[in-house]
Amino acid sequence: MMLDYHIHTWRCCHASGEMREYLAEAEKKGLAEIGFADHFPLGMLGVDLDEPVSMQPDELDEYIADVHALQKSASIPVRLGVEVDYLPGQEELTAQLLQQYPFDYVIGSIHFVKDWDFTHPDYIKRYEWADIDKLYEEYFAEVCRMAKSGLFDIVGHLDVVKKFSFFPRKSWDHLVEETCRILKEADICVELNSSGWRAPVREAYPGEAFLAQCQDIGIPVTMGSDAHRPKEVGCGLRRAALILDKIGFTEVASFAGGKRTMRPLELTVEPNISL
Ligand SMILES: [Zn+2]
Ligand SMILES: [Zn+2]
């Protein structure tokens, strides 16, 4: 089945469009199921940024109410998800907060290494003087720590550290291997996030070789466009499904009430709409 579990809303301050427009786009493109996963308020996790990149704490209840309201008018299942920054040392606070809300699934993502939002184009200059080998090591160490925390259902945009096409001088195969081993042990799901095709790196997160290792050791996958505009809903997901099929995946993970159910991977979508 074709689903899109990574959809943002205007509340994160860097996305646009009404939630019903995102849903309308999904229905038009023939997606079987979608889930909103807006950025969980960083303010609730003790991070205050000059320019907000997440929902504000007082917007969270309204976000949840809006998803619930949309579920009633939708012709396809609409899940209540959320994308949460994994912040080392804040595991207990994160757990306490997450248990208070009825999320169908929680995507755990890493956008920061120390104080650097390395996924943000405004800070791209730092790549020029950063030790990229070390950055990759630190990034994947945090992914592993995040998986082990047990707080999340899905790893968001795994390998997003390559977003601006800065790669280590040495091979990073060992990081991929070690990460896959830890993810498998943690029984966490990986999303195939198609937004990498729209980023400078022009490659999905994670890349094909990474996905092949996931398949090899039995890590479940789900799919997301990381839409920040209604038009981006479903974007790249047909291509993503074809890659999954080629690699040998036959199922994708869906979530309801925190419970993971594997569903058959289907390649059928509206033939006249390019996804
Ligand atoms: Zn975002
Ligand atoms: Zn993200």
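Residues numbered from 1 in each chain as written. Chains lettered and ligands numbered in written order. Predicted model: local features only at pLDDT ≥ 70, side-chain atom pairs only at ≥ 80, totals over all residues. Heavy atoms only, no water.

Turning our attention to a negative patch on the surface. On the surface, D48, D50, E51 and D122 cluster together into a patch of negative charge. Of note, E51 is situated in the loop between strand 2 (33-39) and helix 2 (60-73). (Patch = residues over 30% accessible without salt bridge, like charges linked within 9 Å, V, L, I, M, F, W, Y side chains within 5 Å. Areas by Shrake-Rupley, 256 points an atom, 1.4 Å probe, with all protein chains shown as cover. Salt bridge = Lys/Arg side-chain N within 4 Å of Asp/Glu carboxyl O. Lys, Arg positive; Asp, Glu negative; His and termini not counted. Charge placed at Lys NZ, Arg CZ, Asp CG, Glu CD. Helix = DSSP H or I, 4+ residues; strand = E, 2+ residues; numbered from the N terminus.)

Geometry of a packed helix pair, given as the angle between the helix axes and the separation of the axes. Running from amino to carboxyl end, helix 7 (residues 208-217) crosses helix 8 (residues 237-247) at an angle of 50 degrees, the nearest separation of the two axes being 10 Å. Judged on the interaxial angle alone, helix 8 and helix 7 are oblique. When you trace helix 7 past helix 8, the crossing you get is right-handed. Within the contact between the two elements, helix 7 uses E208, L211, A212 and Q215 and helix 8 uses I243, L244, K246 and I247. Looking at the contact of helix 7 with helix 8 residue by residue, the classes come out as five nonpolar, one polar and two charged. (Axes fitted to C-alpha atoms, helices over the stretch in contact; angles between N-to-C directions. Parallel < 35°, antiparallel > 145°, perpendicular 65-115°, else oblique. Left-handed = near helix turned anticlockwise from the far one by under 90°. Contact = heavy atoms within 4.5 Å. Nonpolar A, V, L, I, M, F, W, Y, C, P; charged D, E, K, R; others polar.)

Turning our eyes to something else, we now look at the layout of surface pockets. Of the pockets and cavities examined, the largest pocket occupies roughly 620 Å³. Residue lining of the largest pocket: 28 residues in total, with H14, T119, K163, D226 and H228 positioned closest to the centre. Residue composition of the lining of the largest pocket, by class: nine nonpolar, eleven polar and eight charged. (1 Å grid on protein atoms, 1.4 Å probe; cavity = no way out; pocket = protein on both sides within 12 Å on 5 of 7 lines; lining within 4 Å. Points joined across faces, edges and corners; volume = space filled by probe spheres on them.)

Applying the stated criterion across every chain yields a total of zero disulfides. Here C13 is not cross-linked by a disulfide; its sulfur's nearest cysteine counterpart is in C12, at 6.7 Å. The partly exposed category is assigned to C13, whose relative accessible area is 48%. The cysteine C235 is free of any disulfide, with C12 supplying the nearest cysteine sulfur at 17 Å. (Disulfide = S-S within 2.5 Å. Buried < 20%, exposed > 50% of the residue type's maximum accessible area, 1.4 Å probe, protein only.)

On to the coordination of the zinc ion (ligand 2). Around the zinc ion (ligand 2), the donor atoms from the protein are E83 (OE), H111 (NE2) and H157 (NE2), and they sit 2.1 to 2.2 Å away. Counting residues between consecutive donors of the zinc ion (ligand 2) along the chain gives the motif E-x27-H-x45-H. Taken as a pair, the zinc ion (ligand 2) and the zinc ion (ligand 1) show a spacing of 5.4 Å. In this pair, E83 is assigned in strand 3 (residues 78-85) and H157 in the loop between strand 7 (154-155) and helix 6 (173-186), connecting sequence segments 74 residues apart. H157 matches E83 in its accessibility class, with the two residues each being buried. (Donors = N, O, S within 2.8 Å, 3.2 Å for Na, K, Ca; no water.)

Strands pair in a sheet through their backbones, by hydrogen bonds, and they do so in one of two ways: parallel or antiparallel. The sheet built from seven strands is open, its strands ordered 1-2-3-4-7-8-9 with parallel pairing. Because the sheet does not close on itself, it has two edges, and the strands there are strand 1 (3-7) and strand 9 (221-224). One ladder, built from three bridges, connects strand 1 with strand 2; its direction is parallel. Paired with I7 across the strands is F36, a residue of strand 2. Here helix 1 (residues 19-28) sits on the sheet in contact with strand 1, strand 2 and strand 3, set at roughly 145 degrees to strand 2. (Pairing = 2+ DSSP bridges.)

With that settled, the discussion passes to the UniProt feature "domain: PHP" (unreviewed entry) in the protein. Within this structure's numbering, the places UniProt gives as "domain: PHP" (unreviewed entry) are residues 4-195. The distance from the first to the last C-alpha atom of residues 4-195 is 12 Å, and the span holds 35% helix and 18% strand. (UniProt positions renumbered as here; feature names shortened; annotations may be inferred.)

Bringing the packing of aromatic side chains into the picture now. Summed over all chains, the structure comprises 17 aromatic pairs. Between the aromatic rings of Y101 and F103, the centroid separation amounts to 5.8 Å while the plane-to-plane angle is 35 degrees, which identifies the pairing as tilted. Note on Y101: relative accessible area 17%, which makes it buried. Since its relative accessible area comes to 9%, F103 is described here as buried. Seen in terms of ring centroids, W116 and F118 are 6.5 Å apart; in terms of plane orientation they differ by 80 degrees. Their pairing is edge-to-face. Overall, F118 belongs to the buried group, its relative accessible area being 0%. (Phe/Tyr/Trp six-rings, centres within 6.5 Å; stacked < 30°, edge-to-face > 60°.)

To continue, consider the coordination of the zinc ion (ligand 1). For the zinc ion (ligand 1), every protein donor is listed as H14 (NE2), H39 (NE2) and H228 (NE2), and the spread of their distances is 2.0 to 2.1 Å. The motif formed by the donor residues of the zinc ion (ligand 1), counted along the single chain, is H-x24-H-x188-H. Classification of H39 as buried rests on a relative accessible area of 8%.

For the coordinates displayed, the defined rule picks out 20 salt bridges. Across the pair K231 and E25 runs a salt bridge, and its minimum N-O distance is 3.9 Å. Placement of the pair is K231 in the loop between strand 9 and helix 8 and E25 in helix 1, with a sequence separation of 206 residues. Residue K231 is classed as exposed on the basis of its relative accessible area of 57%. Between E203 and K162 there is a salt bridge, and its shortest N-O distance comes to 2.6 Å. Of this pair, E203 sits in the loop between strand 8 (189-193) and helix 7 while K162 sits in the loop between strand 7 and helix 6; the two residues are 41 residues apart in sequence, bridging distant segments of the chain. Relative accessible area serves as the criterion here: at 34%, E203 is assigned to the partly exposed category. Members of the salt-bridge network, linked through shared partners, are E25, K28, K29 and K231.

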